Amino acid sequence: MENMSDTIPVQVAQEPTSSKVVDPELETTADMTCIVTDQSRVENEEIDFEDYLRASFSYDKSGRIPVCVEQIIEKIPQDCAVLDAGCGTGNYMIPLANCGKVKSYIGMDVNEGMLYHARKKAGTLRSNESITTDVTTLAGSLLEDLPFGDNVFDVVLLNQVLPHIADLRVFDKFKYISQMFKEFNRILKPGGVLSINTCTHDQLSAVWYNNAMPEACEMLKTRTPEIDELKELIEKAGFTDFSFSKDNEPLQGENYWRYELCFTESYRSGDAIWSLVGDEEYGKAMMSMKYGLREERDTFDSIAHSTIEKTGHTTQIFCTRV
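Note that the structure is predicted; figures quoted are calculated from it, not measured.

1. As for the side chain of H313
For step 1, the next point in the chain: With respect to the helices and strands, H313 occurs in the loop between α12 (297–311) and β7 (314–321).
For step 2, the next point in the chain: Taking the relative accessible area as the measure of exposure, H313 reaches 2% and is therefore buried.
For step 3, the next point in the chain: In this structure the side chain of H313 is engaged in a polar contact, spanning 3.4 Å, whose partner is the backbone nitrogen of L251.
For step 4, the next point in the chain: If we skip the residues at most four places from it in the chain, H313 touches C199, Q203, V207, D247, N248, E249, P250, L251, Q252, Y256 and I308.

2. Description of the sheet that holds strand β2 (residues 102–109)
For step 1, the next point in the chain: Across the sheet, which stays open at both edges, the seven strands sit in the order β3-β2-β1-β4-β5-β7-β6 with mixed pairing between neighbours. For this open sheet the edge positions go to β3 (134–139) and β6 (239–247), each flanked by a neighbour on one side alone. Each neighbouring strand pair of the sheet contributes to a mean axis angle of 15°, computed without reference to strand direction.
For step 2, the next point in the chain: In this sheet, strand β4 (residues 153–159) lies alongside strand β1 (residues 80–85) in parallel orientation, the contact comprising three bridges. Within β4, the position partnered with V82 by the bridge is V155.
For step 3, the next point in the chain: Running over the sheet, helix α5 (residues 112–126) touches β2 and β3 and is turned about 165° from β3.
For step 4, the next point in the chain: Helix α9 (residues 227–236) contacts β5 (188–198), β6 and β7 of the sheet and is inclined by roughly 150° relative to β6.

3. Description of the pairing of β4
For step 1, the next point in the chain: Of all seven residues in β4, seven are buried; the element is thus mostly enclosed.
For step 2, the next point in the chain: When β4 meets β5, the two strands line up parallel, connected through six bridges. Bridging across to β5, V156 finds its partner in L194.
For step 3, the next point in the chain: Chirality of the crossover, the property in question, places the unit of β4, helix α6 (residues 175–187) and β5 among those that are right-handed.

4. A look at α12
An α-helical segment advances 3.6 residues per turn. Residues three or four places apart therefore align on the same side.
For step 1, the next point in the chain: Taking 1.5 Å per residue as the helical rise, α12 with its 15 residues ought to reach 21 Å, and the 22 Å between its terminal C-alpha atoms agrees with that figure.
For step 2, the next point in the chain: Among the residues of α12, those classed as buried are F300, A304, I308 and T311. Each buried residue of α12 sits inside an arc of 85° when the element is viewed along its axis, so together they form one side. Facing away from the buried surface of α12 by more than 90 degrees, the exposed residues are D298, E309 and K310.
For step 3, the next point in the chain: Along its buried surface, α12 packs onto α7 (201–206), β6 and α11 (279–295).

5. Focus: the nonpolar core
For step 1, the next point in the chain: With 37 residues, the main nonpolar core has L142, L158, F181, F184 and L194 as its most contacted residues.
For step 2, the next point in the chain: Put simply, the parts of the chain that give this core at least two residues each are β1, β2, β4, α6, β5, α9, β6 and β7.
For step 3, the next point in the chain: When residues in this core are grouped by element, the largest group, six residues, is from α6.
For step 4, the next point in the chain: Ignoring sequence-local partners within four residues, the contact set of L142 consists of A85, G86, M108, L158, V161, I165, M180 and F184.
For step 5, the next point in the chain: The next biggest cluster of nonpolar side chains, apart from the first, holds 26 residues, and it includes I76, M93, Y105 and A122.

6. Description of the pairing of β1
For step 1, the next point in the chain: Taken across its six residues, β1 has six buried, putting it largely inside the fold.
For step 2, the next point in the chain: Taking every second residue as pointing to the same face, both faces of β1 are buried, with C80, V82 and D84 on one and A81, L83 and A85 on the other.
For step 3, the next point in the chain: Note: β1 against β2, six bridges, orientation parallel. Bridge pairing in β2 places L83 opposite I106.
For step 4, the next point in the chain: Each parallel crossover has a hand, and for β1 linked through helix α4 (residues 93–98) to β2 it is right-handed.

Rules used in this analysis
- Residues numbered from 1 in each chain as written.
- Predicted model: local features only at pLDDT ≥ 70, side-chain atom pairs only at ≥ 80, totals over all residues.
- Heavy atoms only, no water.
- Helix = DSSP H or I, 4+ residues; strand = E, 2+ residues; numbered from the N terminus.
- Buried < 20%, exposed > 50% of the residue type's maximum accessible area, 1.4 Å probe, protein only.
- Polar contact = N/O pair within 3.5 Å; in protein donor to acceptor, adjacent residues only side chain to side chain.
- Contact = heavy atoms within 4.5 Å.
- Pairing = 2+ DSSP bridges.
- Axes fitted to C-alpha atoms, helices over the stretch in contact; angles between N-to-C directions.
- Right-handed = clockwise from strand over helix to strand, strands pointing away.
- Expected span 1.5 Å × (residues − 1).
- Arc of directions from axis to C-beta.
- Core = buried A, V, L, I, M, F, W, Y, C linked by side-chain atoms within 4.5 Å.

Written out as structure tokens, the structure reads:
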């Protein structure tokens, strides 16, 4: 397979057009002048609900980790070409580049803040002579036709992206998700693997801080297709040979259990639900969690662990292009 970084066009913005700003209180060493977002990508982000340009500078600090990595590496073929669709800061990039099975990896995201950090990780990998994986990052939207030819990839990854593709402005709120799966079918080779990490509605309810924000949690569920509906959307796009497994590893890693971190903005930047909570519910949730941790910490901790053990934290899905 030819070097994909030489053949795939990357759209480069000429003028900064985004009005988004980063909170000066957030710790960052980044030069914000290097981050630009062209107007087309601004328009594509209108259906999203989180300011990822702002969140990107503390996203990794929140503790976010790649989950189900061992399952993914076991499932993918040797010398494969991987598209990480909605790659964020590129947390899957490093383990995949180091696993010895990935010939080329492209991390694509619509948000330039996330891509800034993904590019830094890609640069570190490219400077490591022991890494043979061709690592590339690309600005692009999952709401549009993907900028790749047919039958290009062996693997497409989609990790915790689905709520950001739902469009609540229209009757068919999952229409972009359906279109995206059809595009994945087009760019995957026959027999190619689609790997999806998502949450069931029960898993969303089981997250300990989601429990304190029931209205925001319901809004997140509205944006997240339940497993049966999701499977139907994927099947209609031309995929088969499904496998489903629940995984107990929290998306925030060990930080998930460091409860007091939820009172910091850097921690909250690692989960989109905080962008859905209203001011009144937010205030009540903070008071409730502070009280529970101060007065009933053992019970609080026991419930947090038992609910995740029962439901799992995420669901890992694999399927195959026909």
